[in-house]
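Each chain is listed here by its residues.
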Amino acid sequence: MKKSTVTEIRERFDNEVERFSNLETGQVATMDAKIALELITCTARAIKPGAKTILDLGCGAGNYTLKMLSKVPDLECTLIDLSQNMLDKAFERVSEATTAKVETIQDDIRNVELPDNKYDIILAGAVLHHLRDDSDWELVFQKLYDSLTPGGCFFISDLVTQDHQAVNQLTWKMYANYLKQHGGEEYQQKVFDYIEKEDTPRSMTYQLNLMKKVGFSSTEILHKNACFGAFGGIK
């Protein structure tokens, strides 16, 4: 199946701003979205309690940055997203939560030039599964590593595959059951259809190994449930 282009993905997210603006529920289609958000931001604070700068990659409506600001106040924020509608909403919400500068960048992370040694915390919530081949993944992970300050951290919450086929089938079955419980069979099929069309997730093992390859000094797994995980690396 031919995967969605960047333009098609941007257009879909342009129309979904309100659905991505709820801090209480997080993303219903994402298992344990609220738990992952809490774990990632708590851990980032533990690693970098004196953080001054944050990069939120695929920021959506700004939930990850808002949660981070509730733990480490007045961070200087850089928000990147494909969708200008998402960025406008994120800018509005985040600007009310920090006295520091808030910058927005509408682009694909593969194209964005990032400054070296700039960010204390980088968060990527449900975004990296849009990367395609190995060269994409390596380019982005290296770019993010280089843009972290020494001792800075990069945390991911995302859809993941499993390396063993039988385990992978099991986790997707678990996810299908979860979606059916929340919205019935039609909803489950709708979610699986757009994952098939849009997404090319990789395993947590693949991403943790890639972190080590590009230079991260240590990696951490915070949470895993079926085909969703929260994990990251420290420079």
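Keep in mind the model is a prediction, meaning the values are calculated, not measured.

Draft legend 1. Inspection of the nonpolar core at higher detail. With 28 residues, the main nonpolar core has Leu-128, Phe-141, Leu-144 and Phe-154 as its most contacted residues. Elements with a contribution of two residues or more to this core: β1 (53–57), β4 (119–125), α5 (134–147), β5 (148–159) and α7 (204–214). Beyond its immediate chain neighbours, meaning those up to four positions away, Phe-141 contacts Leu-128, Phe-154, Ile-156, Gln-207, Leu-210, Met-211, Val-214 and Phe-216. Formed by 25 residues, the second largest nonpolar core is a distinct cluster that contains Leu-37, Leu-69, Leu-87 and Val-102.

Draft legend 2. Inspection of the pairing of strand β7 (residues 228–234) at higher detail. Most of β7 is tucked away: seven of the seven residues are buried. Residues of β7 alternate between two faces, with Phe-228, Ala-230, Gly-232 and Ile-234 on one and Gly-229, Phe-231 and Gly-233 on the opposite face, all of them buried. Pairing between β5 and β7: seven bridges, direction antiparallel. Considered in β7, the bridge of Phe-155 is made with Gly-232. Where strand β6 (residues 218–225) meets β7, seven bridges bridge the pair, whose relative direction is antiparallel. Of the residues in β7, the one forming a bridge with Ser-218 is Ile-234. Counted along the chain from β6 to the antiparallel partner β7, the turn is two residues long, and its residue Ala-226 has a positive phi close to 50°.

Draft legend 3. Spatial organisation of helix α6 (residues 165–198). With 34 residues, α6 should cover 50 Å at 1.5 Å per step; its first-to-last C-alpha distance of 21 Å lies more than 12% under that length. Helix geometry: α6 is bent most strongly at Gly-183, by close to 125°. Burial in α6 covers these residues: Thr-171, Trp-172, Tyr-175, Ala-176, Tyr-178, Leu-179, Gln-188, Val-191, Tyr-194, Ile-195 and Glu-198.

Draft legend 4. The arrangement of empty space enclosed by the protein in detail. Tallied over the entire structure, the rule returns two cavities of 30 Å³ or more. Lining the second largest cavity are Thr-30, Met-31, Asp-32, Ala-33, Ala-36, Ser-157, His-223, Phe-228, Gly-229 and Ala-230. A per-element tally of the lining of the second largest cavity places β7 first, with three residues. Looking at side-chain class alone, the lining of the second largest cavity contains five nonpolar, four polar and one charged residues.

Procedures and definitions
- Residues numbered from 1 in each chain as written.
- Predicted model: local features only at pLDDT ≥ 70, side-chain atom pairs only at ≥ 80, totals over all residues.
- Heavy atoms only, no water.
- Core = buried A, V, L, I, M, F, W, Y, C linked by side-chain atoms within 4.5 Å.
- Buried < 20%, exposed > 50% of the residue type's maximum accessible area, 1.4 Å probe, protein only.
- Helix = DSSP H or I, 4+ residues; strand = E, 2+ residues; numbered from the N terminus.
- Contact = heavy atoms within 4.5 Å.
- Pairing = 2+ DSSP bridges.
- Expected span 1.5 Å × (residues − 1).
- Bend = angle between axes of the 7 residues up to and from the residue.
- 1 Å grid on protein atoms, 1.4 Å probe; cavity = no way out; pocket = protein on both sides within 12 Å on 5 of 7 lines; lining within 4 Å.
- Points joined across faces, edges and corners; volume = space filled by probe spheres on them.
- Nonpolar A, V, L, I, M, F, W, Y, C, P; charged D, E, K, R; others polar.

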